[in-house]
Amino acid sequence: MVRVRFAPSPTGPLHIGGVRTCLYNYLFAKKLGGKLLLRIEDTDQTRFVPGAEEYIVESFKWLGITFDEGVHVGGPFAPYKQSERMAMYKEYADYLIENGWAYYAFDTPEELEVKRKEAESEKRTFQYDINTRNSLCNSLTLTAEEVQERLKGHFVVRFKYPENLEITVHDLIRGEVKISSHLLDDKVLFKSDGLPTYHLANVVDDHTMEITHVIRGEEWLPSAPLHVMLYQAFGWDAPQFAHLPLLLKPDGNGKLSKRDGDRLGFPVFPLQWTDPKTGEISSGYRESGYLPEAVINMLALLGWNPGNDQEMMSIDQLIQLFSLEKVSKSGAKFDLDKARWFNHQYLQMKSNAELAEQFNHQLIEKGIQISLDKVEKVVGLVKERVHFIQELWTQSSFFFLQPDTYNPDVIKKRWKEDTPQHLNTISEILMSSQPFDKAKAHDDVMAYIQENQINMGQIMNCLRLSLVGDSKGPDLFEIIDFLGTEEVGKRIAKAIQEIA
Ligand code: GLU
């Protein structure tokens, strides 16, 4: 039985890179009939940010990614929050020490800083490792009595890499990654405050929660050799590892950061986030008008493809098609145009009635009361021009309000001396179509234009300018039909007056 987990630390809003990691875990689990769980890794209390956990849960709710077990839904391996599991880690740290896989270290931060400076001045980097541990203050160098004495104060437990060992991480995406134990630092696993660090808690939890596959971001690859060694030290079978490629800036130069989003105008978080300390607001996909299906589809393709150039995929199709073999090794560049394109595509798939319902809220806020039927009609006419629901208003405001301004460029280019006279006649032709018949009105206006040898582009643009205030908008006779001939007459009269 496949069991995977998403294990964020509640240190702030969840980056979309994290969302993608969770999505891949979800697709993988669903495809193989496995389970996905949500574990909160909050061992580092200094980095804890209030609200972050709730934010994570809400984000996935919005996106429609569900968990089989987790901090918010419980499950057979509860608790799923590391701060509630603290009591269980000590025995594992003790086991490692008793079996020679770890040691106590007593060096103070100041002492280590001195070592660091010393090394720096000799153009080396200091590391607590195989080469240095024997000259530092720890249970490998002190007598048993000294160790007992010092254990009354501050200490940490460090992993003890065996000498001359080549450690191999089998990664499902990257293949075999090898590194010598001499290059690795003896990471801290446990501290005298009784709390484990990320590494120990993560491995113990993955094992005790029976995780079969660890699918996580590439930034954790450097930690993987330690994790592999910890499994070995405990005598456990390691899960399979898969490290996902980074999400890169649109130009490919480096990791996608919050600042890139602000600079380039796209969110890097699923939901809007208000920093509880500074009050600073970061934009979210939800609040920016993205549809969750679009975000899912876009993220799925940032680092994976189905093996062909198919782009539009529902969540069910993604589940069917997903495989780790098709995850790429190289970083995936974020593409804003593509994100907008996906949103456009998914917006087109929404029914006019559903969009009208949402759009109507905006209209009511603007003080516009109109029947839902009519809103739906407008939505149908402009939907293909918008990427986001909010844009419905910019594309359709003229259906509800008379124009206040007229695009001067259009006036300059199209408005001639005889334009008012022709517009007045067209207005009369339209008025005479009672009840209004779109097709007939169209033919009558065309006949008038032809008979009088009027420049078609010119007059139609001026008619549009009068009704819309600009040269944009859907089919002119649809607009006329919607507005009604009386309103059309008023708008033409107003335009003639104002433009003159
Ligand atoms: N707590 C780690 C994080 O914040 C989890 C890394 C992992 O999946 O092992 O991303």
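Structure's up top.
For clarity, every value in this text was computed on a predicted model and none was experimentally measured.

*Asks:* Got a sec to walk through the nonpolar core? Specific residues and values, please.
*Replies:* Core analysis: the largest hydrophobic core is formed by 109 residues, its most contacted members being Phe60, Ile65, Tyr285, Phe334, Phe399, Leu467 and Phe477. The greatest single-element share of this core, amounting to nine residues, is contributed by helix 1 (residues 16-31). Beyond its immediate stretch of four places on either side in the chain, Phe477 contacts Leu430, Lys438, Ala441, His442, Val445, Met446 and Met460. Among the nonpolar cores identified, the runner-up in size contains 43 residues, and Met86, Trp101, Leu184 and Val204 belong to it.

*Asks:* Help me get a handle on the side chain of Asn202, residues and values and all.
*Replies:* Structurally, the position occupied by Asn202 is in helix 6 (residues 198-208). The exposure class of Asn202 is buried, given its relative accessible area of 2%. Of the polar contacts made by the side chain of Asn202, one reaches the side chain of Glu41; its length is 3.1 Å.

*Asks:* I'd like a rundown of the side chain of Thr132, residues and numbers included.
*Replies:* Structurally, the position occupied by Thr132 is in the loop between helix 4 (109-121) and helix 5 (144-150). Residue classification places Thr132 among the buried residues on the basis of a relative accessible area of 19%. Reaching out from Thr132, the side chain makes a polar contact with the backbone oxygen of Gln127 at a distance of 2.6 Å. Other than its neighbours up to four places away in sequence, Thr132 contacts Phe126 and Gln127.

*Asks:* Tell me about the site of the ligand, and name the residues and values.
*Replies:* As a matter of local geometry, the ligand sits amid Arg5, Ala7, Pro8, Ser9, Glu41, Tyr198, Asn202, Arg216 and Trp220. Arg5 is positioned with one of its side-chain polar atoms (N or O) 2.7 Å from an oxygen atom of the ligand. Contacts to the ligand include Ser9, whose side-chain N or O atom sits 3.1 Å from a nitrogen atom. Looking at the shell around the ligand, its residues break down into four nonpolar, two polar and three charged.

*Asks:* Let's hear about the pairing of strand 7 (residues 175-180): which residues, and what values?
*Replies:* Looking at chain direction, strand 6 (residues 166-171) and strand 7 are connected through six bridges and run antiparallel. Bridge pairing in strand 7 places Ile167 opposite Ile179. Where strand 6 folds back onto strand 7 in an antiparallel hairpin, the turn is made up of three residues.

*Asks:* Talk me through the packing of helix 1 against helix 9 (residues 292-300); I want residue IDs and the actual numbers.
*Replies:* Two packed helices can be described by the angle between their axes and the distance between those axes. For the pair helix 1 and helix 9, the least separation of the axes is 10 Å and the interaxial angle reads 85°. The angle between helix 1 and helix 9 places the two elements in the roughly perpendicular class. In contact with Ile16, Val19, Arg20, Leu23 and Tyr24 of helix 1, helix 9 contributes Ile296, Leu299 and Ala300. Its residues assigned to classes, the contact of helix 1 with helix 9 shows seven nonpolar, no polar and one charged.

*Asks:* Tell me about the packing of aromatic side chains, residues and numbers included.
*Replies:* The tally for this structure, following the rule as stated, stands at 25 aromatic pairs. With a centroid separation of 6.0 Å and an interplanar angle of 20°, the aromatic rings of Trp101 and Phe159 are classed as stacked. Highlighted residues: Trp101 in the loop between helix 3 (90-98) and strand 4 (102-105) and Phe159 in strand 5 (residues 156-159), separated in sequence by 58 residues. Each member of the pair, Trp101 as well as Phe159, carries the same accessibility label: buried. You can call Phe159 buried: its relative accessible area is 0%. In this structure an aromatic cluster arises from ring pairing among Phe359, Trp393, Phe398, Phe399, Phe400 and Phe482.

*Asks:* Which residues make up the pattern of salt bridges, and what are the values?
*Replies:* Counted according to the given criterion, the structure contains 31 salt bridges. Put simply, Glu69 and Arg3 hold a salt bridge, and the shortest N to O gap is 2.7 Å. In this pair, Glu69 is assigned in strand 3 (residues 69-70) and Arg3 in strand 1 (residues 3-6), connecting sequence segments 66 residues apart. Comparing Glu69 with Arg3, the two get one shared label, buried. Notably, a salt bridge pairs Lys90 with Asp94, separated by 2.8 Å at the nearest N-O pair. Note that Lys90 and Asp94 are positioned in helix 3 at a spacing of four residues, about one turn of the helix. You can call Asp94 partly exposed: its relative accessible area is 22%.

*Asks:* Tell me about helix 2 (residues 52-63), and please be specific about residues and values.
*Replies:* Taking 1.5 Å of rise per residue, twelve residues should cover 16 Å, and helix 2 covers 17 Å from first to last C-alpha, within 8% of that figure. Helix 2 sits mainly inside the fold: nine of its twelve residues count as buried. For helix 2, the complete set of buried residues consists of Ala52, Glu53, Tyr55, Ile56, Val57, Ser59, Phe60, Trp62 and Leu63. Directly after helix 2, the chain includes Gly64, whose backbone phi takes a positive value near 80°.

*Asks:* Give a description of the sheet that holds strand 8 (residues 188-191) that names residues and reports values.
*Replies:* In space, the three strands of this open sheet follow the order 4-5-8, with antiparallel pairing throughout. Strands with a single pairing partner mark the edges of an open sheet, and in this sheet they are strand 4 and strand 8. Taking the axes of each pair of neighbouring strands and ignoring which way they run, one obtains an average angle of 30° across the sheet. Inspection of the sheet shows strand 4 paired to strand 5 by four bridges, in the antiparallel sense. Along strand 5, the bridge assignment pairs Ala105 with Val156. Across the sheet, helix 3 touches strand 4, strand 5 and strand 8, and the angle it forms with strand 4 is around 100°.

*Asks:* Help me get a handle on the packing of helix 12 (residues 352-365) against helix 13 (residues 372-382), residues and values and all.
*Replies:* Packing of helix 12 against helix 13 brings their axes to within 8 Å, and their N-to-C directions diverge by 110°. Relative to helix 13, the element helix 12 is oriented roughly perpendicular. Residues Asn352, Ala353, Leu355, Ala356, Glu357, Phe359, Asn360 and Leu363 of helix 12 lie in contact with helix 13, whose contacting residues are Leu372, Val375, Glu376, Val379 and Gly380.

Cut-offs applied
Here, residues in each chain are numbered from 1, in the same order as that chain's written sequence. Note on the predicted model: pLDDT of at least 70 is required for a residue's local features to be given, and 80 or more for side-chain atom pairs to be given and counted; whole-chain, interface and lining totals, by contrast, use all residues. Side-chain measures were taken over the full set of non-hydrogen atoms in the model, leaving aside hydrogen atoms and water. Side-chain atoms within 4.5 Å link the members of a nonpolar core, which is a set of buried Ala, Val, Leu, Ile, Met, Phe, Trp, Tyr and Cys residues. We call a residue buried when its accessible area falls under 20% of the maximum for its residue type, exposed when it is over 50%, and partly exposed in between, using a 1.4 Å probe and counting protein chains only. Per the convention used, a helix needs a DSSP run of H or I reaching at least four residues, while a strand needs a run of E reaching at least two, with both numbered from the N terminus. Should any heavy atoms of two residues lie within 4.5 Å, those residues are counted as being in contact. For this analysis, a polar contact is any N or O atom pair within 3.5 Å, provided that within protein one partner can donate a hydrogen and the other can accept it, and provided that sequence-adjacent residues contribute only side-chain to side-chain pairs. Proximity is defined per residue: any heavy atom of the residue falling within 4 Å of a molecule or strand makes that residue near it. Ten residues, namely Ala, Val, Leu, Ile, Met, Phe, Trp, Tyr, Cys and Pro, are considered nonpolar, four, namely Asp, Glu, Lys and Arg, are considered charged, and the remaining ones, Gly among them, are considered polar. Two strands form a pair only when DSSP identifies at least two bridges running between them. Axes here refer to lines fitted to C-alpha atoms; in helices the fit is confined to the stretch in contact. Angles between the N-to-C directions go from 0 to 180 degrees. Here the word oblique covers every angle except those under 35 degrees (roughly parallel), over 145 (roughly antiparallel) and from 65 to 115 (roughly perpendicular). Between 30 and 60 degrees the pair is tilted, below 30 it is stacked and above 60 it is edge-to-face, where a pair is any two Phe, Tyr or Trp rings, Trp via its six-membered ring, whose centres lie within 6.5 Å. By definition, a salt bridge exists where a carboxyl oxygen of Asp or Glu is found within 4 Å of a side-chain nitrogen of Lys or Arg. A helix is expected to span 1.5 Å for every residue after the first.

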